[in-house]
Amino acid sequence: MDKNEIKAFIAKRVAKELKDGDVVNLGIGLPTMVANYIPEGMNIFLQSENGFIGLGPAPEPGKEDMRIVNAGGQPVTIIPGGAFFDSATSFTIIRGGHVDMTVLGALQVDEKGNLANWMIPGKMVPGMGGAMDLVTGAKKVIIAMEHTAKGAPKILKECTLPLTAAHQVDMIITEMGVMEVTDKGIVLKEINPEFTIEDVQNSTEAELIIAEDLKKMEI
Amino acid sequence: MDKNEIKAFIAKRVAKELKDGDVVNLGIGLPTMVANYIPEGMNIFLQSENGFIGLGPAPEPGKEDMRIVNAGGQPVTIIPGGAFFDSATSFTIIRGGHVDMTVLGALQVDEKGNLANWMIPGKMVPGMGGAMDLVTGAKKVIIAMEHTAKGAPKILKECTLPLTAAHQVDMIITEMGVMEVTDKGIVLKEINPEFTIEDVQNSTEAELIIAEDLKKMEI
Amino acid sequence: MNKLISIDEAVDMIKDGMTIMVGGFLGCGNPHKIIDKLVEKNVKDLTLICNDSSFPDYGVGKLVVNHQIKKLIASHVGTNPETGRQMNAGEMEVVLVPQGTLAEQVRAGGAGLGGILTPTGVGTVIEEGKQKITVDGVEYLLEKPLKADVALISGQKVDKFGNIVYFGATRNFNTLMATAADTVIVEACEIVEVGDLDPNDVVTPGIFVDYIVDGGAN
Amino acid sequence: MNKLISIDEAVDMIKDGMTIMVGGFLGCGNPHKIIDKLVEKNVKDLTLICNDSSFPDYGVGKLVVNHQIKKLIASHVGTNPETGRQMNAGEMEVVLVPQGTLAEQVRAGGAGLGGILTPTGVGTVIEEGKQKITVDGVEYLLEKPLKADVALISGQKVDKFGNIVYFGATRNFNTLMATAADTVIVEACEIVEVGDLDPNDVVTPGIFVDYIVDGGAN
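A quick note: this is a predicted structure, and the numbers were derived from the prediction, not measured. (Residues numbered from 1 in each chain as written. Chains lettered and ligands numbered in written order. Predicted model: local features only at pLDDT ≥ 70, side-chain atom pairs only at ≥ 80, totals over all residues. Heavy atoms only, no water.)

Visitor: How do you make sense of the overall build of chain A when you look at a structure like this?
Guide: Scanning chain A from N- to C-terminus turns up 5 helices and 15 strands. Rg of the C-alpha trace for chain A: 17 Å, near the compact-globule value of 17 Å for 219 residues, within the 12% margin. The C-alpha extent of chain A, read off along each of the three principal axes, is 50 × 40 × 30 Å. Per-residue burial over chain A gives 58% buried out of 219 residues. In chain A, 20 side chains carry a positive charge and 30 a negative one; their mean positions are 1 Å apart. (Helix = DSSP H or I, 4+ residues; strand = E, 2+ residues; numbered from the N terminus. Rg over C-alpha atoms; globule rule 2.2 N^0.38 Å. Buried < 20%, exposed > 50% of the residue type's maximum accessible area, 1.4 Å probe, protein only. Lys, Arg positive; Asp, Glu negative; His and termini not counted. Charge placed at Lys NZ, Arg CZ, Asp CG, Glu CD.)

What follows is the structure, encoded as structure tokens:
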């Protein structure tokens with residue numbers, strides 16, 4: 001798989017976690033692609049932390065309205081049944097546990113469910129935006145990312161970068177497999193048949209617990 | 001003056017404290033009467049803590065809408081330029097210092113600016129409603145009341161009833177005079193010429209400081 | 001995803017001993033039809049969080065008169081003499097809370113906050129048993145969030161997804177309670193189709209609402 | 001009670017060294033005309049409270065590029081490379097705040113609260129220097145209120161008393177900042193007469209607004 005295929009593969013697998021009626025916040029980048037794979041007939045309400053629920057697709061060229069943009073500042077649309085609100089309401093939804101699932105990328109994630117995805121000291125300090133609230137408040141936090149960065153593991157025993165939140169990650173989905181963060185550590189629940197368990201462990205710093213009923217990762 | 005004349009007299013004097021553009025919250029009873037004496041041409045915005053600004057007069061008989069009521073549950077109207085909002089916004093206005101003046105009655109008020117007007121233990125416990133927030137948050141707190149209760153002083157050295165708020169009262173207006181609460185105590189600023197200074201002091205437990213430029217109380 | 005249910009189905013979700021929040025201010029904005037059914041079904045031992053206990057024959061006041069409330073958390077009870085009687089007789093526990101604090105407590109419950117610091121109540125009996133916290137030299141009371149099993153609210157126009165528009169002074173605590181309960185049921189004066197409400201006008205987004213009951217014009 | 005002023009009059013109220021809040025999210029909902037005039041007048045040493053520093057050539061981003069900001073309090077600065085450069089070069093102080101916390105801090109400033117307790121940031125560098133308070137066994141950070149000398153906000157339809165209706169995603173921090181500054185100036189896309197807005201539709205009541213500037217369609 002090339003880069004784009006890998007991303008699409010991960011996004012498709014994340015989409016299988018969606019349940020009808022879910023309120024979902026998708027981070028920028030790969031997580032945004034999940035919206036392309038929402039199963040037919042399923043009602044998913046995408047929340048945009050800048051102030052609305054019911055995020056729709058990009059408008060037709062020429063129909064952009066810069067007053068209706070997503071959290072990345074790009075013109076989007078709102079679906080029927082959607083609603084606009086202010087930032088206090090937006091984070092009442094997010095912090096208050098009214099988001100069923102958030103999907104975010106990571107620089108690092110560790111076996112305690114810690115996540116680092118907002119800064120590399122002295123190098124990249126974009127700010128956390130709404131990520132810290134999202135990871136703290138969403139009912140289910142899924143990290144969707146490539147398994148490694150230029151071959152180096154991103155799933156660690158302990159994050160070394162400044163944390164976005166402690167003990168909040170529930171699930172990690174990469175091109176190699178699907179992992180759940182549990183009290184005992186990270187459990188490999190599904191594996192992409194293109195890889196062996198050894199391949200996955202070799203690309204992971206944290207020691208993986210292999211699920212007794214390890215399944216084939218399907219999309 | 002009979003009871004009603006006394007109340008009207010006090011309400012008229014309170015109305016002289018209003019300034020153009022003021023946001024004002026009037027308590028139930030005597031304070032509500034202040035609305036009848038707003039000087040011509042002055043824009044005063046009456047806030048109703050149950051959820052709107054721009055309280056208007058009672059509707060014509062037969063035009064009552066039980067969805068538009070004041071904080072006492074009575075049908076009212078809303079003036080052009082008014083706005084409805086929820087209780088959180090209502091108390092953002094009140095607690096946040098956006099009310100220029102509140103006018104309330106009192107069971108007791110003392111020389112430290114303490115106010116008691118929400119309960120008599122074991123006897124009358126209606127609850128404080130919005131009074132505690134109003135007295136704490138309004139820029140200016142005016143107590144408008146009859147000077148005594150059945151002859152017993154209500155302006156005391158120290159309140160004996162449970163307080164509504166500590167150190168918040170700015171001014172006391174009764175049928176006998178106008179008093180300001182200062183760091184040094186209660187200063188009699190204006191006196192109703194129907195009474196002598198001795199009359200007022202005899203009806204007041206707190207020791208009054210007589211303003212050097214004591215004026216005649218006019219309405 | 002059909003949120004429309006009957007009043008009977010709604011009231012069946014409320015069990016003896018539950019904590020309920022009910023929107024409204026002296027009955028204005030109470031979900032009157034649901035309350036009447038709650039009286040009829042005689043659900044008992046409820047903890048009621050509401051701005052007030054209304055009047056004896058109007059809105060939540062009827063629940064008090066019918067002895068269905070074990071504990072009341074409210075800012076004002078003076079318009080319902082039966083509340084005072086039950087309180088003094090020890091038949092019902094009443095916790096009086098400043099109105100602005102009650103609003104913030106419900107909001108904090110819905111917004112995932114651990115509490116808020118308010119100057120209201122400092123130096124009064126309200127501070128008893130509460131943590132006092134000094135911020136930049138000023139004393140505040142720490143007031144904790146409130147949540148409920150079920151919130152019963154009312155709305156003027158409600159679309160079938162649960163987006164709510166209010167009318168007049170009915171809004172009060174309804175917006176806040178919509179965020180702070182495990183199950184949120186709205187009694188709608190008028191039910192409209194999804195898409196009929198302008199997304200700029202919606203006050204309570206439908207994601208907060210679990211069920212909709214047709215209340216008809218109130 | 002005439003709140004209508006010119007953009008020049010508005011910007012003249014903003015002095016070197018002041019703390020200003022500016023509504024908007026990556027430029028969406030920024031008061032663009034006022035910002036352009038602020039760049040032109042070159043007011044200096046401002047403390048800017050805003051969700052983000054937008055893009056270099058859009059909205060508040062221009063103030064950063066023009067070196068008018070001494071201190072920035074924001075949740076995100078990644079879309080304006082000049083912010084990062086000035087921050088790393090020590091030319092501008094940047095305080096990064098989680099977005100939901102920033103919203104609550106501004107709201108607390110406007111609502112007269114001494115602060116709020118949030119779980120966001122616990123266990124991260126965000127907790128440095130902050131009071132941690134445990135409520136019912138859970139740890140929270142105490143986040144203090146934010147206020148400003150001037151708030152510059154934008155609205156879609158604004159009546160001459162200052163009642164505001166917003167459009168789309170422009171609302172964001174505008175509603176909150178309208179409550180939290182000594183002087184509040186709104187740039188209106190459209191100015192209407194008092195009484196033209198339905199009191200049920202008003203989002204920001206006019207009592208919060210001191211001055212109105214005609215911004216024209218944005």
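Visitor: Explain the interface of chain A and chain D here, please?
Guide: When the parts of a complex come together, some accessible area is lost, and that lost area is often taken as the interface size. In this assembly, 33 residues from chain A lie in contact with 38 residues from chain D. Of the roughly 2700 Å² buried at the junction of chain A and chain D (both faces included), carbon and sulfur atoms supply 64%. Among the residues chain A hides against chain D, the three largest losses belong to Arg 67, Ser 87 and Arg 95 of chain A. Together they make up 22% of the total. Run the count over chain A and chain D and you get 0 salt bridges. (Contact = heavy atoms within 4.5 Å. Buried area = accessible area lost by both parts, 1.4 Å probe. Salt bridge = Lys/Arg side-chain N within 4 Å of Asp/Glu carboxyl O.)

Visitor: Sorry if this is basic, but what is going on with the sheet that holds strand E7 (residues 115–116) of chain B here?
Guide: Hydrogen bonds along the backbone pair up the strands of a sheet, which may run parallel or antiparallel. Residue and element names in this part refer to chain B. Taking strand neighbours across the sheet as the criterion, the 3 strands line up as E7-E6-E11 in an open arrangement whose pairing is mixed. Since the sheet does not close on itself, it has two edges, and those belong to E7 and strand E11 (155–156), each with one partner. The pairing of strand E6 (residues 108–110) with E11 spans 2 bridges and is classified as parallel. Note on E11: the bridge partner recorded for Val 109 is Ile 155. (Pairing = 2+ DSSP bridges.)

Visitor: Which parts of the structure should I look at to understand the state of the cysteines?
Guide: Each disulfide consists of one covalent bond between the sulfur atoms belonging to two cysteines. Residue and element names in this part refer to chain C. The full count for this structure, using the stated rule, is 0 disulfides over all chains. Cys 50 takes part in no disulfide bond, and the closest cysteine sulfur, belonging to Cys 28, lies 12 Å away. For Cys 50, a relative accessible area of 0% puts it in the buried group. (Disulfide = S-S within 2.5 Å.)

Visitor: Honestly, the packing of helix H3 (residues 87–95) of chain B against helix H5 (residues 99–111) of chain D in this entry has me stumped. Any pointers?
Guide: A pair of packed helices is characterised by two quantities: the angle between their axes and the separation of those axes. The N-to-C vectors of H3 of chain B and H5 of chain D enclose an angle of 60 degrees; their axes lie 7 Å apart at closest approach. In terms of orientation, H3 of chain B lies oblique with respect to H5 of chain D. Of H5 of chain D, the residues touching H3 of chain B (which contributes Ala 88, Phe 91, Thr 92 and Arg 95 of chain B) are Arg 107, Gly 110 and Ala 111 of chain D. Tallied by class, the residues present in the contact of H3 of chain B with H5 of chain D amount to 3 nonpolar, 2 polar and 2 charged. (Axes fitted to C-alpha atoms, helices over the stretch in contact; angles between N-to-C directions. Parallel < 35°, antiparallel > 145°, perpendicular 65-115°, else oblique. Nonpolar A, V, L, I, M, F, W, Y, C, P; charged D, E, K, R; others polar.)

Visitor: Any chance you could explain the pairing of strand E14 (residues 185–191) of chain B here in plain terms?
Guide: It is a general feature of regular strands that their side chains alternate between the two faces of the sheet. Residues and elements named next belong to chain B. Of all the 7 residues making up E14, 6 are buried; the element is thus mostly covered by neighbouring parts of the structure. The pairing of strand E13 (residues 177–182) with E14 spans 6 bridges and is antiparallel. Among the inter-strand pairings, Val 181 is bridged to a residue of E14, identified as Ile 186. Between E13 and E14, which follow one another and run antiparallel, lie 2 residues. Sheet topology places E14 next to strand E15 (residues 208–216); 5 bridges connect them, and they run parallel. When the sheet's bridge partners are listed, Glu 190 is paired in E15 with Lys 215. For the crossover that starts at E14, traverses helix H5 (residues 197–202) and ends in the parallel E15, the hand is right-handed. (Right-handed = clockwise from strand over helix to strand, strands pointing away.)

Visitor: Got a minute to help me understand the pattern of salt bridges in this structure?
Guide: Side-chain pairing between opposite charges can occur once the charged atoms of the two side chains come close. Residues and elements named next belong to chain C. Tallying each qualifying case throughout the model produces 42 salt bridges over all chains. Here Glu 143 and Lys 130 are joined by a salt bridge, their closest N and O atoms 3.2 Å apart. Residue Glu 143 is located in strand E8 (residues 138–143), and its partner Lys 130 is located in the loop between strand E6 (115–118) and strand E7 (132–135); the two are separated by 13 residues in the primary sequence. The network of salt bridges with shared partners includes Asp 8, Asp 12, Lys 37, Glu 40 and Lys 41.

Visitor: Teacher, can you tell me more about the pairing of strand E15 (residues 209–216) of chain A here?
Guide: Residues and elements named next belong to chain A. Where strand E14 (residues 185–191) and E15 come together, 4 bridges link them in parallel fashion. From the neighbouring strand, Leu 188 faces E15, where its bridge partner is Ile 210. Crossover E14 to E15 through helix H5 (residues 197–202) is right-handed.

Visitor: Can you walk me through the confidence of the model for chain C in this structure?
Guide: For residues with low pLDDT, the predicted coordinates do not support detailed interpretation. Taken over all residues, the pLDDT of chain C has a mean of 97, while the share at 70 or more is 99%. At the level of chain-chain contacts, confidence expressed as ipTM amounts to 0.97, with global pTM at 0.98. (pLDDT = per-residue confidence, 0-100.)

Visitor: Sorry, what's going on with helix H1 (residues 3–15) of chain B here?
Guide: Helical geometry: 3.6 residues make up each α-helical turn, so side chains three or four residues apart lie on a common side. Its 13 residues give H1 of chain B an end-to-end C-alpha distance of 18 Å, which sits within 8% of 18 Å, the value for a rise of 1.5 Å per residue. Those residues of H1 of chain B hidden inside the fold are in contact with helix H2 (30–33), strand E5 (101–104), strand E8 (140–144), strand E12 (171–173), E13 and E14 of chain B. (Expected span 1.5 Å × (residues − 1).)

Visitor: What is the right way to read the interface of chain C and chain B from this model?
Guide: Taken together, the contact between chain C and chain B spans 38 residues of the former and 33 residues of the latter. In this assembly, chain C and chain B are joined by 0 salt bridges. Our count for the chain C to chain B interface comes out at 12 residue pairs in polar contact (both at pLDDT 80 or more). Secondary-structure elements contributing two or more residues to the side of chain C that touches chain B are helix H5 (99–111) and helix H6 (174–177) of chain C. It is H5 of chain C that contributes the most residues to the side of chain C that touches chain B, 6 residues altogether. (Polar contact = N/O pair within 3.5 Å; in protein donor to acceptor, adjacent residues only side chain to side chain.)

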